[in-house]
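# Descriptive structure summary
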Amino acid sequence: MTDTLRPVHVIGGGLAGSEAAWQLASRGVPVVLHEMRPVRKTEAHSTEKLAELVCSNSFRSDDAEYNAVGLLHEEMRRCGSLILRCADAHKVPAGGALAMDRDGFADAVTEAVSSHPLIAIQREEVAGLPPEEWDSVIVATGPLTSPALAEAVRSQTGEESLAFFDAIAPIVYLESIDLSKAWFQSRYDKPGPGGTGKDYINCAFEKDEYRAFIAALIEGEKIDFKEWEKSTPYFEGCLPIEVMAERGVDTLRYGPMKPVGLTNPHKPERRPYAVVQLRQDNALGTLYNLVGFQTKLRHAEQARIFRMIPGLENAEFARLGGMHRNTFLNSPRILDGALRLKSLPRLRFAGQVTGCEGYVESAAVGLLAGRFAAAERLGQEISTPPVTTALGAILGHITGGAEAETYQPMNVNFGLFPPVDDKIRGRDRKLAYTRRALADLDGWLNG
Ligand SMILES: Cc1cc2nc3c(=O)[nH]c(=O)nc-3n(C[C@H](O)[C@H](O)[C@H](O)COP(=O)(O)OP(=O)(O)OC[C@H]3O[C@@H](n4cnc5c(N)ncnc54)[C@H](O)[C@@H]3O)c2cc1C
């Protein structure tokens, strides 16, 4: 049967593309994997290996009971992930984290993919929309997608659907916000389209609190832009919060932190001096983002400084802020639930270009794209993972659960899962998420 199947084309041999190719070939579907290195280089990769880790050598926590990314590792192992198999085989001591010898890891992925009889690797750049005879394509070209392909995708999907920079505002778990200080209200109580007039969570500052906060933003330790990031033209007009703070002590009070149209029900007699607004970030309503707070502050500094915001003293962050060169789609708007481009379904997307964030999440979305494309090619029904699993939660977020208007790259975290019983608190709550996830994953894999 295999001899009669047409190949699926995978563009990009990074974490996602290598995993997608492996999943396809493991199901008997031939693959042509197009990787542009070493013919054309990126600014971050330095070898011609598949699945090169461009920065850290860590897949983060390997704790499958209490950590969402550890859970994702375990789910991927159970799905026969090549990336996890090679990571496990080349791990180095790293406490509770899964960290690898980067060369051993990338060599193992390269060897496994290139020696698979159903995978042909072509070292070439795909510099435009794939030819029409490629009837099933997985685009997994990552945050540094070559400009020619990025422009082609942008003209297919529309100006607003492909970003060249991320501008990530921190995201807080709703359950960690102190609502005895913060309150729900939209500016001037305006309901707007689909709203209720109580759509934002507001955190009010007194004058001295505000001044201390501005000073902390200015003094906080930052990460510099890389030389090649500075030259990206699309970045203008989206300033980090600390740069706005440096422009004058009142700049934020007249900008994203303006206190107008809001009344603090906890102190109705006092007009707030400045207000931080948090907006719902996912359909489940479990996550809220700090509107306008994209930043280059170091992560530890962000946690320290943003907990100075009244009501966020005990905030738990699902994601901290950042700004990087990053090519990614507005996936919730333009992809369907099986990662296909709605306007051109022969193209499927995987990896960081879909707006997931990180090595593991990228490989996980590659794994799903590979499974879906294989099912399609084999004439089988596409089966998506349950939303209660880490795989299902990240897939659901990027293909519709996230707010398209404010869509920015996202790591896997428990805020993406349908909540478990409210009565279960603390560490037990995490255990409840992971136990439910693995039971549901096994049901999915066996069913
Ligand atoms: C500077 C930098 C540092 C990072 N540090 C980390 C980190 O420490 N931890 C972390 O988890 N994540 C990090 N990331 C994010 C990381 O890139 C992703 O998590 C992961 O590599 C994404 O996997 P991917 O397969 O989607 O893309 P990639 O791994 O980047 O793979 C994409 C592949 O596509 C190829 N390609 C691009 N365009 C074309 C084309 N037109 N034709 C053919 N091939 C093409 C590229 O050469 C590349 O091999 C970093 C990203 C950057 C840019």
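Attention in this report is confined to the structure presented alongside it.

Rules used throughout
- Residues numbered from 1 in each chain as written.
- Predicted model: local features only at pLDDT ≥ 70, side-chain atom pairs only at ≥ 80, totals over all residues.
- Heavy atoms only, no water.
- Helix = DSSP H or I, 4+ residues; strand = E, 2+ residues; numbered from the N terminus.
- Rg over C-alpha atoms; globule rule 2.2 N^0.38 Å.
- Buried < 20%, exposed > 50% of the residue type's maximum accessible area, 1.4 Å probe, protein only.
- Pairing = 2+ DSSP bridges.
- Near = heavy atom within 4 Å.
- Polar contact = N/O pair within 3.5 Å; in protein donor to acceptor, adjacent residues only side chain to side chain.
- Areas by Shrake-Rupley, 256 points an atom, 1.4 Å probe, with all protein chains shown as cover.
- Nonpolar A, V, L, I, M, F, W, Y, C, P; charged D, E, K, R; others polar.
- Phe/Tyr/Trp six-rings, centres within 6.5 Å; stacked < 30°, edge-to-face > 60°.
- Lys NZ or Arg CZ within 6 Å of the ring centre and 35° of its normal.

### Some details on the overall build of the protein
A count of helical and extended segments in the protein gives 13 helices and 17 strands. Its C-alpha atoms give the protein a radius of gyration of 22 Å, within 12% of the compact-globule value 22 Å for 447 residues. Expressed along its principal axes, the backbone C-alpha trace of the protein runs to roughly 75 × 50 × 45 Å. Every one of the 447 residues in the protein was classed for burial, and the buried ones make up 55%.

### Comments concerning the pairing of strand E8 (residues 162-168)
Most of E8 is tucked away: six of the seven residues are buried. With six bridges joining them, E8 and strand E15 (residues 322-329) adopt antiparallel strand pairing. Directly across from Asp166, in E15, lies its bridge partner His324.

### Structural notes on the site of the ligand
Around the ligand sit 32 residues in total, of which Glu35, Ser146, Gln352, Gly358 and Tyr359 are the nearest. Met36 has a polar backbone atom sitting 3.2 Å from a nitrogen atom of the ligand. Here an oxygen atom of the ligand and a backbone polar atom of Tyr359 are 2.8 Å apart. Contact with the protein chains hides 91% of the accessible area of the ligand, taken as 970 Å² for the molecule alone. Going through the elements one at a time, helix H1 (15-26), strand E2 (31-35) and helix H11 (359-377) are the ones with two or more residues in the shell around the ligand. Classifying every residue of the shell around the ligand gives 13 nonpolar, 15 polar and four charged.

### Describing the sheet that holds strand E3 (residues 58-61)
The sheet built from three strands is open, its strands ordered E3-E5-E4 with antiparallel pairing. Because the sheet does not close on itself, it has two edges, and the strands there are E3 and strand E4 (91-92).

### Looking at the environment of Arg247
With respect to the secondary-structure elements, Arg247 resides in the loop between helix H8 (241-246) and strand E12 (274-280). Arg247 gets classed as exposed once you look at its relative accessible area, which sits at 58%. Spatially, the C-alpha atom of Arg247 lies 9.9 Å from that of Ile218, the residues being 29 residues apart in sequence.

### Re the packing of aromatic side chains
Inspection of every chain in the model, using the stated rule, returns 13 aromatic pairs. Ring plane angle 75° and centroid distance 6.3 Å describe the contact between Phe184 and Tyr288, whose orientation is recorded as edge-to-face. Residue Phe184 is located in strand E10 (residues 183-184), and its partner Tyr288 is located in strand E13 (residues 287-290); the two are separated by 104 residues in the primary sequence. Its relative accessible area of 30% is what places Phe184 among the partly exposed residues. Residue classification places Tyr288 among the buried residues on the basis of a relative accessible area of 5%. These aromatic residues form a ring-pair network of at least three members: Phe205, Tyr210, Phe213, Tyr273, Phe293 and Phe306. Across the ring face of Tyr273, the terminal group of Arg253 is positioned such that the distance to the ring centre comes to 3.9 Å. When the ring centre of Phe225 is taken as origin, the NZ or CZ atom of Lys296, which lies over that ring, is 4.4 Å away.

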